[in-house]
Amino acid sequence: MCGIAGIVTRADEQEARAVLGRMSASMAHRGPDGEGISVRHNQHWTVGLAHKRLAILDLTPAGAQPMSNRDDSLSLTFNGEIYNFLDLRTDLAAQGYSFCSQTDTEVILNAYHRWSTAGISRLRGMFGFGLWDGQLDKLILARDPLGIKPLYYYATPEVFLFASEVRALLASGLVPRRLDPDGVASYLHFGSVETPRTLVAGVQSLEPGCHLVLGLGGRSMVREEAFSSQPFTAPAPVPVTSREDAVAVLRDVLADSVRRHLISDVPVALFLSGGIDSSVLAAFMSMEMSQPPKTFHIGFAEREYDERRYAQAVAREYGTDHLDILLTEQCLLAMLPEALSAMDQPTIDGINTFVVSRQVAKAGYKVALSGLGADELFGGYKSFRRARVLRPIAFLPPVLRRAACSAGNALLGGTVRRRKFWEFLESDCTPRAAYTISRQIYAPREAAALYRLPPATREAVPEAHPDAVNEVSILEMRGYMADMLLRDTDSMSMAHSLEVRVPFVDPLVVQYVLELPGRWKIGKRPKPLLLDAAAELVPEDIWRRPKMGFDLPFQRWLLSELRPQLDQVFADDRGLSRLGMDPQRARDVWRAFQANPAGERWARPWAVFVLRHWCATNGVEP
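Residues numbered from 1 in each chain as written. Predicted model: local features only at pLDDT ≥ 70, side-chain atom pairs only at ≥ 80, totals over all residues. Heavy atoms only, no water.

## Some points on the pairing of strand S5 (residues 74-82)
The two faces of the sheet receive side chains in turn, since in a regular strand these alternate between them.
Part 1: Counting buried positions along S5 yields nine of nine residues, so the element is predominantly enclosed.
Part 2: Sheet topology places strand S4 (residues 67-68) next to S5; two bridges connect them, and they run antiparallel. Within S5, the residue paired with Ser-68 across the bridge is Ser-75.
Part 3: Linking S4 back to S5 in an antiparallel pair, the connection comprises five residues, with Asp-72 at a positive phi of about 65 degrees.
Part 4: Taken together, the nine bridges between S5 and strand S6 (residues 125-133) define a ladder with antiparallel strand orientation. Bridge pairing links Ile-82 to Gly-125 in S6. (Buried < 20%, exposed > 50% of the residue type's maximum accessible area, 1.4 Å probe, protein only. Helix = DSSP H or I, 4+ residues; strand = E, 2+ residues; numbered from the N terminus. Pairing = 2+ DSSP bridges.)

## Here's the deal with unusual backbone geometry
Part 1: With omega at -5 degrees, the peptide bond leading from Gln-65 into Pro-66 counts as cis.
Part 2: Counting through the fold element by element, Pro-66 comes out in the loop between strand S3 (46-53) and S4.
Part 3: Following Thr-195, the chain continues to Pro-196 via a peptide bond in cis, the omega torsion being 10 degrees.
Part 4: Within the secondary structure, Pro-196 is located in the loop between helix H5 (181-190) and strand S10 (203-205).
Part 5: Phi at Asp-72 is positive, roughly 65 degrees, even though this residue is not glycine.
Part 6: Despite not being glycine, Ser-116 has its phi angle at roughly 60 degrees, a positive value.

## Comments concerning the packing of helix H12 (residues 382-393) against helix H15 (residues 431-439)
A pair of packed helices is captured by two measures, namely the crossing angle of their axes and the spacing between those axes.
Part 1: Remark: H12 packs on H15, axes separated minimally by 8 Å, with the N-to-C direction vectors making an angle of 135 degrees. With respect to H15, the element H12 is oriented oblique. The handedness of the crossing between H12 and H15 comes out as right-handed. Mapping the contact onto sequence places Ser-383, Arg-386, Ala-387 and Leu-390 in H12 and Pro-431, Ala-434, Tyr-435 and Ser-438 in H15.
Part 2: Its residues placed into classes, the contact of H12 with H15 shows five nonpolar, two polar and one charged. (Axes fitted to C-alpha atoms, helices over the stretch in contact; angles between N-to-C directions. Parallel < 35°, antiparallel > 145°, perpendicular 65-115°, else oblique. Left-handed = near helix turned anticlockwise from the far one by under 90°. Contact = heavy atoms within 4.5 Å. Nonpolar A, V, L, I, M, F, W, Y, C, P; charged D, E, K, R; others polar.)

## Some points on the packing of aromatic side chains
Part 1: Counted under the stated rule, the structure contains 12 aromatic pairs.
Part 2: With centroids separated by 4.8 Å and ring planes inclined at 45 degrees, the aromatic side chains of Phe-554 and Trp-606 adopt a geometry described as tilted. Remark: Trp-606 occurs in helix H25 (residues 603-618) and Phe-554 occurs in helix H21 (residues 554-559); sequence separation between them is 52 residues. Accessibility classification places Phe-554 together with Trp-606 in one group, the buried group.
Part 3: Judged by centre distance (6.1 Å) and plane angle (15 degrees), the ring pair of Trp-590 and Phe-593 falls under stacked. Taken as a pair, Trp-590 and Phe-593 lie in helix H24 (residues 583-595) at a separation of three residues, close to a single helical turn.
Part 4: Owing to a relative accessible area of 0%, Phe-593 belongs among the buried residues under this scheme.
Part 5: Ring pairing ties together the aromatic residues Phe-554, Trp-557, Trp-602, Trp-606 and Phe-609, which thus form one cluster.
Part 6: Here Lys-294 stacks its cationic end above the ring of Phe-296, 5.5 Å away from the centre of that ring.
Part 7: Just above the ring of Tyr-480 sits the side chain of Arg-439; from NZ or CZ to the centre is 3.6 Å. (Phe/Tyr/Trp six-rings, centres within 6.5 Å; stacked < 30°, edge-to-face > 60°. Lys NZ or Arg CZ within 6 Å of the ring centre and 35° of its normal.)

## Remarks on the pairing of strand S9 (residues 159-163)
Part 1: With five of five residues buried, S9 is to be regarded as a mostly interior element.
Part 2: Where burial is concerned, the two faces of S9 agree: the one with Val-159, Leu-161 and Ala-163 and the one with Phe-160 and Phe-162 are both buried.
Part 3: Sheet analysis places strand S1 (residues 2-9) next to S9, joined by five bridges and oriented antiparallel. Bridged to Thr-9 within S9 is Val-159.
Part 4: Where strand S8 (residues 152-155) and S9 come together, four bridges link them in antiparallel fashion. Looking across to S9, one finds that Ala-155 is bridged to Phe-160.
Part 5: Where S8 folds back on S9, the antiparallel hairpin that results is connected by three residues.

## Considering the nonpolar core
Part 1: Grouped together as the largest cluster of nonpolar side chains are 161 residues, with contacts concentrated most on Leu-161, Tyr-187, Leu-188, Leu-199, Phe-378, Met-581 and Trp-606.
Part 2: No other element matches helix H17 (residues 468-494), which puts 12 residues into this core.
Part 3: Excluding residues within four positions of it along the chain, Trp-606 makes contact with Leu-336, Leu-340, Thr-347, Ile-348, Phe-554, Leu-558 and Leu-562. (Core = buried A, V, L, I, M, F, W, Y, C linked by side-chain atoms within 4.5 Å.)

## A short note on helix H3 (residues 104-115)
Part 1: Under the 1.5 Å per step criterion, the end-to-end length of H3 is 16 Å for 12 residues, consistent within 8% with the ideal 16 Å.
Part 2: Across the 12 residues that make up H3, a large majority, 10, are buried.
Part 3: Three or more residues of H3 are buried, namely Asp-104, Thr-105, Glu-106, Val-107, Ile-108, Leu-109, Asn-110, Ala-111, Tyr-112 and Trp-115.
Part 4: N-cap assignment for H3: the residue whose side-chain oxygen lies 3.2 Å from the backbone N of Glu-106 is Thr-103.
Part 5: At the C-terminal side of H3, Ser-116 shows a positive phi close to 60 degrees. (Expected span 1.5 Å × (residues − 1). Polar contact = N/O pair within 3.5 Å; in protein donor to acceptor, adjacent residues only side chain to side chain.)

## Looking at the pattern of salt bridges
Part 1: Scanning all chains against the criterion turns up 34 salt bridges.
Part 2: In this structure, Asp-321 engages Lys-294 in a salt bridge whose closest nitrogen and oxygen atoms are separated by 3.6 Å. Taken together, the residues span a long stretch of sequence, with Asp-321 in strand S15 (residues 321-327) and Lys-294 in strand S14 (residues 294-300) at a distance of 27 residues.
Part 3: The exposure class assigned to Asp-321 is partly exposed, which follows from its relative accessible area of 41%.
Part 4: A relative accessible area of 15% places Lys-294 in the buried class. (Salt bridge = Lys/Arg side-chain N within 4 Å of Asp/Glu carboxyl O.)

Written out as C-alpha cells, the structure reads:
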C-alpha cells in the first residue's frame, strides 16, 4: 500500500520534478518507508512518476518504486496488493521471465510486458497504478475491478496529472481549486461523491475495473478508456445441484480469499467487532495461521455503544491474541478535528475507521483485515428487505399511488422517514429505487434547492439484473461500498500508514456469490448464506444478537459538544453563499434537526458542516 502520483507535461525535467515533489510530499502519510521520483522524456513530452512506499512485501531496497524492468522500457508506480502474484510469477517464470525482487510490483511489470493491457484482467487484488511504456510512448493507468484503491486524474491539452488522492492533485499547484457543482449535488444526495465525479472541477476518478491509455506519440495527447474487468455483469446462474453444494464451494472460496489476504512480510491483524462478518474472518484466520491471530476491538465506556463482550467471546472461541482498546467519549471528540482533516473528499462517514486505524497503527501494525463488503454481498442492509416489500406495491395503479403520496405528504409528511416512505410509494418500486431512496441524504429536489441548482437529469440506467436481491447487491457495491466505505477506509487508514485488506471484496468471492440465487441470501437469520458457509464456526449468540456496527453517537454530539461549531457554520450567510448554498434553507435543515432529532437525520446538517470544513481546509471555492 502506498501513495502514487504522475505527470505528463511540456515543461522541462526540473519543473516536472518540482511538481511531483509537491504531490508526493502531500501523501507522506501513505508511505513513510521510502520514496522515489523518476522522470523521462520522449520527443514532445516529459513524463514523471512518483511513489511513497509503505513496505509490506519484500522490505528490502529491491522493492523500491518507481520500478523499471530489465531493459528500462517500462516504469511503474503501484499502490495496492496483488493476491495471486505468486501464481502469476510462476506462470511468467515458466515463459522465461526472471525476477530481481519478491514483490508483486515486478509481477505487474512482467505481466504487462507479456500480455499488454490484457494482463490487467489477470490481476486479483486491490490496485491503482501508473505504468509508462517507453517503447509505445504510452502511459497506462489502471484500477482494480471493485474500486478498493482510488486513482484520480486531471487533464488539459498541456498537462496530465494522476494521484492516489485528490489533495495530491491540488498540491501540484496546477489544478484550480474550484468546486464542481455536479460533485456537490452528488455529495448532498448520497453523503459522498459518486464516481467518476469528484468535488473538484476537472478532477475525475478512474472508474473501478477501468484502464486509461494516454498516447504520447505526437504533439497532442490521445486518451482512451476501456474496462479490463466488469464483475457486476449479470452472469449465468451457477450449475449447482443444491444449496448445500453451493455453501460448500462458498466456504472454500472464502477460505482461499482469506489465505491470500494474509500473504505479507509484516504481521497482519484483524478489526474484530464481535459481529458476524469479522467473526467469520477470525474463524478462517485461526485455521490458516500457525500463530494466534492478532485481533483489535475498540470499546466504549458508554454501555449502549459497547460491544466488548461480543468481541471477547469471539476471541476466546478462536484463541486470538486479543486487545480491547477502551475509548471515552471525550477522547473520541478530541480526535474529530484530525479525522476531519484526513478526509480526501467530504463524507458523512469514515470517522469510525479513522479511530480504529489510529489505535491499530499505534500498536505497531501496518496491515489489518476488515469485514467490509459482507453486508453488500449477503443481504445485510435494509435496502434488501425494502426491495422485496416494494415488489407487490408496484402492482398498485400509479395514479392511486401518486394520489396517496400527495395526501400523505400534505397530512402526514414532515420527518425524513415519512418523506422517504412516500418516495418509496411514488417510485417505480424497482430494486434501484429501494437502494437509491434508502441511501439518499437529501432527495434530488431538496439538494437542488439547498445548492441553488436545477434538479439533476437522470443518467442512463444500466440494465437491471434478473435477480432482485443480486441487483441490490450490485447497486450497494457500486455505490455505497465503492464511493463511501472503500474510499473512506483508504483515506482514513492511510492517514495512519495502515493498509486495510477486505477479503469479502475479492473478485472471485463477489463473482461466485452473485451467481447464486438471491433467495438463498435472505431469511429469518441474518445473512444465512454466509452463516451456513461458516457453519459451526460462528457461535449462535454472536449471530442472534442485534446488529450494532461501530457507530459514533453523532446525533447526541450535534446537540451537545459539537453544537457551537455547527451554530457558527449555519449562522455564516457569507460562508454558505460562497459555497453556492441557500443560507436560509441550510438553517432550516439545522433547525429541523434540533427540533426533532429522532425524525430528522443527523447526517443532513452534518453533511453541510463537513462540506464547509473540507472546502475551507483545502481552499476550494465555486
